[in-house]
Amino acid sequence: MLSCRKVSELLSDALDRRPRPAERLTLRLHLLFCKACSRVENQLKFLGTALSRSAERPTDRRK
Ligand SMILES: [Zn+2]
């Protein structure tokens, strides 16, 4: 079973690269039972959407 720490690592990795099917499965299982990690997943998804949206406009460089 994955630890919450490992799950959040995998979730943030998933923003950069596609997780392997085995990883996805264990992630899904953990998220089914762990409310804290599914909340993290939602936040990262939101972040990922915002990031890919800003990547569409490379001229808009604000940091
Ligand atoms: Zn968890």
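Note: the structure precedes this text.
Every chain is numbered independently, its residues counted from 1 as its sequence is written. Reporting of local features is limited, given that this is a predicted model, to residues whose pLDDT is at least 70; pairs of side-chain atoms are given and counted only at 80 or more, and all residues count toward the totals for whole chains, interfaces and linings. For side-chain calculations, the full set of non-hydrogen atoms in the structure is used, while hydrogens and water are omitted.

Quick look at the packing of helix H2 (residues 21–33) against helix H3 (residues 35–55) now. One way to put it is that H2 packs onto H3 with a least axis distance of 6 Å and a crossing angle of 115 degrees. Like other packed secondary-structure pairs, H2 and H3 cross with a definite hand, here left-handed. Together, Arg28, His30, Leu31 and Phe33 of H2 and Lys35, Cys37, Ser38 and Glu41 of H3 make up the contact between the two elements. Taken together, the residues that form the contact of H2 with H3 break down as three nonpolar, two polar and three charged. Inter-axis angles, ranging from 0 to 180 degrees, are taken between N-to-C directions of lines fitted to C-alpha atoms, where helices are fitted over the stretch in contact. Numbering goes from the N terminus for both helices and strands, where a helix is a DSSP run of H or I of at least four residues and a strand is a run of E of at least two. Left-handed is the label given to a crossing in which the near helix is rotated counterclockwise from the far helix by less than a right angle, and right-handed is the label when the rotation is clockwise. We call two residues in contact whenever any of their non-hydrogen atoms come within 4.5 Å of each other. Under the grouping applied here, Gly and all other residues not named as nonpolar or charged are polar, the nonpolar ones being Ala, Val, Leu, Ile, Met, Phe, Trp, Tyr, Cys and Pro and the charged ones Asp, Glu, Lys and Arg.

Any two side chains of opposite charge can pair, on the condition that their charged atoms come close. A carboxyl oxygen of Asp or Glu within 4 Å of a side-chain nitrogen of Lys or Arg is what we treat as a salt bridge. Per the counting criterion, the structure on display carries six salt bridges. With a shortest N-O distance of 3.5 Å, aspartate 13 and arginine 17 are connected by a salt bridge. The exposure class assigned to arginine 17 is partly exposed, which follows from its relative accessible area of 37%. Between glutamate 23 and arginine 17 there is a salt bridge, and its shortest N-O distance comes to 3.7 Å. Linked by salt bridges that have partners in common, Asp13, Arg17, Arg20 and Glu23 make up one network. Only protein chains enter the accessibility calculation, which uses a 1.4 Å probe; a residue is then buried when its area is under 20% of its type maximum, exposed when over 50%, and partly exposed in between.

Right, let's get into the coordination of the zinc ion. Coordinating N, O and S atoms are those within 2.8 Å of the metal (3.2 Å for Na, K and Ca), and as water is not part of the atoms, a site may appear to have fewer donors than expected. Coordination of the zinc ion by the protein is provided by Cys4 (SG), His30 (NE2), Cys34 (SG) and Cys37 (SG), with metal-donor distances spanning 2.0 to 2.4 Å. Geometry is assigned from the angles between donors: four donors with all angles from 85 to 135 degrees make a tetrahedral site, four or six donors whose opposite pairs exceed 155 degrees while the rest stay between 65 and 115 make square planar or octahedral sites respectively, and everything else is labelled irregular. Note that the zinc ion binds four donor atoms; their angles at the metal cover 104 to 113 degrees, and the shape is tetrahedral. Each donor residue of the zinc ion lies on one chain, and together they are spaced C-x25-H-x3-C-x2-C. A residue pair is termed long-range when its members are at least 10 positions apart, and cysteine 4 in helix H1 (residues 4–13) and cysteine 37 in helix H3 qualify at 33 residues.

If you look at the biggest cluster of nonpolar residues, it comprises eight residues: Val7, Leu10, Leu11, Leu27, Leu31, Cys34, Cys37 and Leu44. Looking at which element gives the most residues to this core, the answer is H1, with three residues. Throughout this description, the term nonpolar core refers to a set of buried Ala, Val, Leu, Ile, Met, Phe, Trp, Tyr and Cys residues connected via side-chain atoms within 4.5 Å.

Helix length check: H3 (21 residues) gives 30 Å between terminal C-alpha atoms against 30 Å at 1.5 Å per residue, within 8%. Its buried side turned inward, H3 meets H1 and H2. Each helix should span, by expectation, one fewer than its residue count multiplied by 1.5 Å.

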